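The residues making up each chain are set out below.
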Amino acid sequence: MRKSGVVGALTGRRRWRSVTVALAAAATGMAVLPAVAQASTTTAVQQSAAVQAAPAVPAAQVAPVASAAAAVPSIAGPAGRDYATEVFNDPWEYSNSDDMLINFSGTRRLSNQRYGGNMLSAHLDGNSAYLSPVWGGYSDSLLNGRDAALPQNGVVAARYDAFAIELYSNAPAKSNFYLAWYSCPTVNPASACSGRSGFVYLRPGWNTYVVPLGRTAGSGGSFPLDWAGTINGLRMVFNAGSSDIKLDWARLYKRDSGVRLGISGLSGRDLVWDSNGSDADNTGAASAAPLQGTAAPTWGVLPRNTPDWRAAVSGDTADLAFLPGRSWRIGTRSGPGGRVSWFRNVNLIAPLPELITPNPQGSTDYASAVLKNPWDMASGADLSSVKNMRVLSWGAATSLARTPARSSTTRSWRCGSARRRSTPPSTTGSPSRCRRTAPTTWAAGRAAARWRGCSGGRATTTARTRW
């Protein structure tokens, strides 16, 4: 499927890209009904003029209309609220490696994981294999990037209450996955801070899965946490044996936050969508297995009366918030092998901000801005103290050369001057230093150190880093 090609960025001051005229209506949750496609009959031309003259109406009030093959009207409206789009300006389309960590962080029992062909592919090496759409970060590390334990990256559960994914699987029958979520950032979270969805049974080939998030399916003291508060970890846990998966796109979104489309007779039919307006590549449209093959599909189906269909369809109304922001052709069919009746061309608008600051050259550095002396290891002024180290020297390459005197070494970053009079609270030590370093072990040129950071002479948070 064609991707938007948007690259993620850090948060900062933003300006909005120009979008179509329909954006004004999209911002207020309205669905605009422009002209129906021109046709050779007088009736179609009259219908087009009538639609053009009609005022904009709320998306939720678009009346059910019988599907027609000859002329497919178009509407535009807002795409549903999506976590990755709103927080990182980069929807999960698996076209760049920022969309999900696939190394040892947040994965288990995966092999041959890779990005390519605008999708993420991996082999599951057994049951309980998992990957993490939302990775909290290690609890004893310096958090950075998209780690969801950072306050600005946490998932506000009230703002996003469903998960949708376009997923390929060749797993055996009765295989499944479930979503596990956490409110504590750690590799092996405690049971008290975890919850999970029910089991989602995998179907062969490409399929779209929609999972509402709310009450936990855990029991007996296991996974007791409901989807509530701030979530900083989300895993997809597979019980699918040795099998392959591919991810085309995913969304952590808010239900009923975008276009709601009324379609006459939808309550008894499959919901179908197409991303390129062509039937030629909707392979298997007349077969009982419509989405076989490993290439990412350009179309998809929510089969009626499945849990996924029930999560997105209410009566004759489809909640399109589960679909990514782009143009789609929406239709219905009676079931596998049935003819698709196309109903509307829908442009789901998701304006993405263009980042102005910080820029690729970087943003403000604490040591440079506050201490007026960057931590470039050019002199001893960059450190407040050292312990169990000897033969310290400051080389021409502005680096600290060190020889450990024993296996446990510590150092304190200088975070202030002796002239600072504000005293950090608790037992953080001298007001002129941000300290309380923990013993660290040197190994292969790497070490870990713990320090207490300062801002204006006050102690803030404790973190650990490696260098």
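To be clear, the structure that these remarks concern was listed above.
Note that the coordinates shown come from a computational prediction; the quantities given were computed from them, not determined experimentally.

### Some points on the overall build of the protein
(1) Moving on: The helix and strand inventory of the protein stands at five helices and 31 strands.
(2) Moving on: Within the span of the protein, comprising 467 residues, buried residues form 45% of the whole.
(3) Moving on: At a minimum sequence separation of 6, the contacts of the protein that also span at least 24 residues come to 70%.
(4) Moving on: Carbon and sulfur atoms provide 52% of the accessible area of the protein, an area that totals close to 21600 Å².

### Some thoughts on the sheet that holds strand β17 (residues 260–262)
(1) Moving on: Ordered in space as β17-β21-β20, the three strands form an open sheet in which the pairing is antiparallel. Since the sheet does not close on itself, it has two edges, and those belong to β17 and β20 (313–314), each with one partner.
(2) Moving on: Taken together, the three bridges between β17 and strand β21 (residues 317–319) define a ladder with antiparallel strand orientation. Paired with Arg260 across the bridge in β21 is Asp319.

### With respect to the sheet that holds strand β18 (residues 270–274)
(1) Moving on: Within the open sheet, the five strands sit side by side as β4-β23-β22-β18-β19. Their pairing is mixed. Strands with a single pairing partner mark the edges of an open sheet, and in this sheet they are β4 (74–78) and β19 (299–302). In this sheet, adjacent strand axes meet at a mean angle of 30 degrees when their direction is disregarded.
(2) Moving on: As judged from the six bridges shared by strand β22 (residues 327–333) and strand β23 (residues 341–349), these two strands associate in the antiparallel manner. Along β23, the bridge assignment pairs Arg329 with Asn345.

### Comments concerning the environment of Asn373
(1) Moving on: Structurally, Asn373 can be placed in the loop between α5 (366–371) and β25 (383–387).
(2) Moving on: Once you skip the residues sitting within four places of it in the chain, Asn373 turns out to touch Ala367, Ser368, Ala381 and Asp382.
(3) Moving on: A distance of 3.2 Å separates a polar atom in the side chain of Asn373 from a polar atom in the side chain of Asp382.

### Thoughts on the pattern of salt bridges
(1) Moving on: Enumeration over the complete set of coordinates arrives at 11 salt bridges.
(2) Moving on: A salt bridge links Arg326 to Glu93; the nearest nitrogen and oxygen atoms lie 2.4 Å apart. With Arg326 in the loop between β21 and β22 and Glu93 in the loop between α3 (83–88) and β5 (110–116), the pair connects residues that are 233 residues apart, well separated along the chain.
(3) Moving on: On the accessibility criterion, Arg326 (9% relative accessible area) is buried.
(4) Moving on: Residue Glu93 is classed as buried on the basis of its relative accessible area of 4%.
(5) Moving on: Salt-bridge contacts for Asp161 lead to Arg255; the nearest nitrogen and oxygen are separated by 3.5 Å.

### Quick word on the state of the cysteines
(1) Moving on: A full pass over the atoms with the stated rule returns one disulfide.
(2) Moving on: The disulfide that involves Cys184 links it to Cys193, with 1.8 Å between the sulfurs.

### With respect to the side chain of Ser105
(1) Moving on: Along the chain, Ser105 falls in the loop between α3 and β5.
(2) Moving on: Ignoring anything within four residues of it in the chain, the contact list for Ser105 reads Trp135 and Tyr138.

### Focus: the nonpolar core
(1) Moving on: Within the largest apolar cluster, 41 residues are counted, with the highest numbers of intra-cluster contacts made by Tyr83, Leu167, Phe238 and Leu252.
(2) Moving on: Where this core is concerned, the elements lending two or more residues are α3, β6 (119–125), β7 (129–134), β9 (162–169), β10 (176–182), β13 (205–212), β15 (233–239) and β16 (242–253).
(3) Moving on: Dropping the residues within four chain positions of it, Leu252 is found in contact with Arg81, Asp82, Tyr83, Trp92, Val134, Val155, Tyr160, Ala162, Phe163, Leu213, Trp227 and Leu234.
(4) Moving on: Of all hydrophobic cores here, the second largest spans 28 residues; its members include Ala162, Ala164, Ala321 and Phe343.

### A word on the packing of aromatic side chains
(1) Moving on: For the coordinates displayed, the defined rule picks out 12 aromatic pairs.
(2) Moving on: Between Tyr83 and Tyr160, the ring centres sit 5.7 Å apart and the planes meet at 85 degrees, which makes this aromatic pair edge-to-face. On the criterion of sequence distance, the pair formed by Tyr83 in helix α3 and Tyr160 in the loop between β8 (155–156) and β9 is long-range, its members being 77 residues apart.
(3) Moving on: Judged by relative accessible area, which is 1%, Tyr83 ranks as buried.

Rules and cut-offs
- The numbering scheme is per chain: residues are counted from 1 as the chain's sequence reads.
- For a predicted model such as this one, the threshold for reporting local features is a pLDDT of at least 70, and the threshold for listing and counting side-chain atom pairs is 80 or more; totals across whole chains, interfaces and linings nevertheless cover every residue.
- Side-chain metrics rest on all non-hydrogen atoms present in the structure, leaving aside hydrogens and water.
- We count a stretch as a helix when DSSP gives it H or I for four or more residues in a row; a strand needs E for two or more, and each element gets its number in order from the N terminus.
- Buried means the residue's accessible area, taken with a 1.4 Å probe over protein chains only, is under 20% of the maximum for its type, while exposed means over 50%, and partly exposed covers the values in between.
- Whether two residues touch is decided by their heavy atoms; if any such pair falls within 4.5 Å, the residues are in contact.
- Under the convention used here, a 1.4 Å probe and the Shrake-Rupley method define accessible areas, while residue burial counts only the protein chains that appear.
- Here a strand pair is declared whenever DSSP counts at least two bridges between the two strands.
- Throughout, an axis means a line fitted to C-alpha atoms (over the contacting stretch in the case of helices), and angles, computed between N-to-C directions, take values from 0 to 180 degrees.
- Nitrogen and oxygen atoms within 3.5 Å of one another constitute a polar contact, given that in protein one can donate a hydrogen and the other can accept it, and given that sequence-neighbouring residues count only through two side-chain atoms.
- A pair is scored as a salt bridge if a Lys or Arg side-chain nitrogen falls within 4 Å of a carboxyl oxygen belonging to Asp or Glu.
- In what follows, a disulfide is any cysteine sulfur pair within 2.5 Å.
- Working definition of a nonpolar core: buried Ala, Val, Leu, Ile, Met, Phe, Trp, Tyr and Cys residues. They are joined through side-chain atoms within 4.5 Å.
- Each pair of aromatic rings taken from Phe, Tyr and Trp, with Trp reduced to its six-membered ring, is defined by centres within 6.5 Å and is described as stacked if the planes are under 30 degrees apart, edge-to-face if over 60, and tilted in the remaining cases.

Function-wise, these values are silent; they only describe arrangement.
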